[in-house]
Amino acid sequence: CLSMLPVLYTLGSTIYLIFLRLMNCEQFDMVFIVVAEQSLINYYSLIICSNMLKMNGVICLQNKTNPAKSSDKDETVAMKMTDIINADPRVEQVSAVPLSFKIGSQTCPRDPQPGITTDGVFWGYKRRCILDRLRLDCKVAYVTGGGQGIGRAFVHALGEAGAKVAIIDIALEKAQAVAKELEVNGIKSVAMAADVSKAEDVKRIVDSIVANWGRIDIACNNAGINMNSASEDTTLEEWDKTFNVSLRGLFMCCRIMLSQGYGKIINTASMASLIVPHPQKQLAYNTSKAGVVKLTQTPGPEWIDRGVRVSCISPGIVDTPLIHTDALKPLVQRWSNNIPAGRLARVTDLQAAVVYLASEVSDYMTGHNLVI
Ligand SMILES: NC(=O)c1ccc[n+]([C@@H]2O[C@H](COP(=O)([O-])OP(=O)(O)OC[C@H]3O[C@@H](n4cnc5c(N)ncnc54)[C@H](O)[C@@H]3O)[C@@H](O)[C@H]2O)c1
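Predicted, not measured: the structure shown is a model, and the values here were computed from it. As a convention, each chain's residues are numbered from 1 in the sequence order in which they are written. With pLDDT at 70 or above as the cut-off, local features in this predicted model cover only qualifying residues; side-chain atom pairs require 80 or more to be listed or tallied, and sums for whole chains, interfaces and linings still use all residues. The side-chain quantities take in all heavy atoms of the structure and omit both hydrogens and water.

Draft legend 1. Structural context of the packing of aromatic side chains. Put simply, two rings from Phe, Tyr or Trp (the six-membered ring, in Trp's case) pair if the centres are within 6.5 Å, and we call them stacked under 30 degrees between planes, edge-to-face over 60, tilted for the rest. Within the structure shown, the criterion is met by two aromatic pairs. Considering the side-chain rings of Phe122 and Trp123, the 5.1 Å spacing of their centres and the 85 degrees angle between planes classify their relative orientation as edge-to-face. Each member of the pair, Phe122 as well as Trp123, carries the same accessibility label: buried. Relative to Phe243, the ring of Trp239 lies with its centre 4.5 Å away and its plane at 20 degrees, an arrangement referred to as stacked. Taken as a pair, Trp239 and Phe243 lie in helix H10 (residues 236-247) at a separation of four residues, close to a single helical turn. Relative accessible area serves as the criterion here: at 18%, Phe243 is assigned to the buried category. The buried label goes to any residue with under 20% of its type's maximum accessible area, the exposed label to any with over 50%, and the partly exposed label to all in between, with areas taken from a 1.4 Å probe on protein chains only. Here a strand is any run of E in DSSP of at least two residues, a helix any run of H or I of at least four, and the numbering for each starts at the N terminus.

As structure tokens, this is what we get:
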């Protein structure tokens, strides 16, 4: 996109920008506005109002076309424009800086001194520093139950790290609302409706993602339900429903991953897989989550030599709509008293873990149950 910019200017950039927007092109990281541009303000408004700049993107406003030739008029236009941008609450800060571009990472050490060990630790593994290795650029991910709560936070985290994300939820409108959030942040996503307890729904979404994006690198099997019944009251129907959402269809993505020779499966289990949370009653939930851990630990070692890793995350009690029922709300204080940090987890407390497990930095581990 950046290499297109000079062409855009010479050919009447406004029309081109509208065209690009209509063609649904990706958003820009940076927009450079030359002061010679006619109707600068309209041009700036178009970029901001039609959401063409990524969140945290940069607008560079040229101060002078050519210092030797620039007129007072150019300078006045630039100053006026700077004032307008400064007053725009959607834009964070405007600074005047001498312009120079440098391409390449600044974070890896570059100049070894004699006597310094220059191995992968020094240079960064494959010459990539640790934060670059956590990036998920060009990866394709899906998150089930991505329409709210933990799944929504996972969707954002994977997208922020660079992945394209399919947001899958039984409630399409929730998935669509999250897709809208991602669009605002300049992240590519798609919202899809599916009931993960139905094998045919899972097959449909897997086929559709592969048809559109070519592969699945990261599969977050996160959807889960908790119907909170005492052991003696748990019906077979509740048992089947809970198990079907947690455990069925979990591995529909594995075939494509095994054929790709690469993939990361990240299941959401729960601390209920390891302990029995108290005092709420949830036999089917606890047992199904223990099943999720076994469904992680068993294929993990089986598939690691074929490039597919399987992990799960076991959060403690997280403040999401799942626990906002009349029965559970009064227990929050009691739980908090028993939690070392003295509070429930926030969904944002879990986001780095999913990026870690999805990225290449965790390639050596598999079958792990990461308790948070
Ligand atoms: N909230 C907690 O305290 C907590 C703790 C540990 C583990 N977990 C687990 O984390 C996961 C997410 O929990 P949450 O708190 O975000 O839940 P939530 O109820 O807030 O969100 C779950 C999402 O999954 C969707 N969903 C439900 N059934 C589905 C189905 N059959 N197919 C597709 N989508 C479906 C819902 O529409 C909803 O958007 C669950 O597996 C849950 O068991 C939650």
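Picking up after the structure, the text goes on.
Draft legend 2. Quick peek at the pattern of salt bridges. One side-chain nitrogen of Lys or Arg within 4 Å of one carboxyl oxygen of Asp or Glu is enough to make a salt bridge. Enumeration according to the criterion identifies eleven salt bridges in this entry. Across the salt bridge formed by Arg133 and Glu360, the nearest N and O atoms sit 3.0 Å from each other. One end of the pair, Arg133, is in helix H6 (residues 130-133); the other, Glu360, is in the loop between helix H15 (351-358) and strand S9 (368-371), and 227 residues separate them in sequence. The buried category is assigned to Arg133, whose relative accessible area is 17%. For Glu360, a relative accessible area of 25% corresponds to the partly exposed category. A network of salt bridges, in which partner residues are shared, links Arg128, Arg133 and Glu360.

Draft legend 3. Main features of the side chain of Ser314. Counting through the fold element by element, Ser314 comes out in strand S8 (residues 308-314). Overall, Ser314 belongs to the buried group, its relative accessible area being 0%. When neighbours within four sequence positions are excluded, Ser314 is seen to be in contact with Ala269, Ser270, Met271, Ser273, Asn369, Leu370, Val371 and Ile372. A contact between two residues is defined here by any heavy atoms of the two lying within 4.5 Å.

Draft legend 4. Structural context of the site of the ligand. Summary of the distance rule: residues count as near a molecule or strand when at least one heavy atom falls within 4 Å of that molecule or strand. Neighbouring residues of the ligand: 28 residues in total, closest Asp169, Asn222, Tyr285, Val318 and Thr320. We define a polar contact as two N or O atoms separated by no more than 3.5 Å, with the added condition that, inside protein, one atom must be a possible hydrogen donor and the other a possible acceptor, whereas residues neighbouring each other in sequence contribute only through side-chain atom pairs. At 3.4 Å, a backbone N or O of Ala194 approaches a nitrogen atom of the ligand. Side-chain polar atom of Thr320 to an oxygen atom of the ligand: 2.4 Å apart, as the coordinates give it. In short, Shrake-Rupley with a 1.4 Å probe defines the accessible areas, and a residue's cover is counted only from the protein chains shown. Contact with the protein chains removes 93% of the 830 Å² of surface that the ligand exposes when unbound. At the level of secondary structure, the elements contributing two or more residues to the shell around the ligand comprise helix H7 (149-160) and helix H12 (283-297). Only Asp, Glu, Lys and Arg are considered charged, only Ala, Val, Leu, Ile, Met, Phe, Trp, Tyr, Cys and Pro nonpolar, and every remaining residue, Gly among them, polar. Considering only residue class, the shell around the ligand consists of 15 nonpolar, nine polar and four charged.

Honestly, that's just the spatial picture; any functional story needs more than this.
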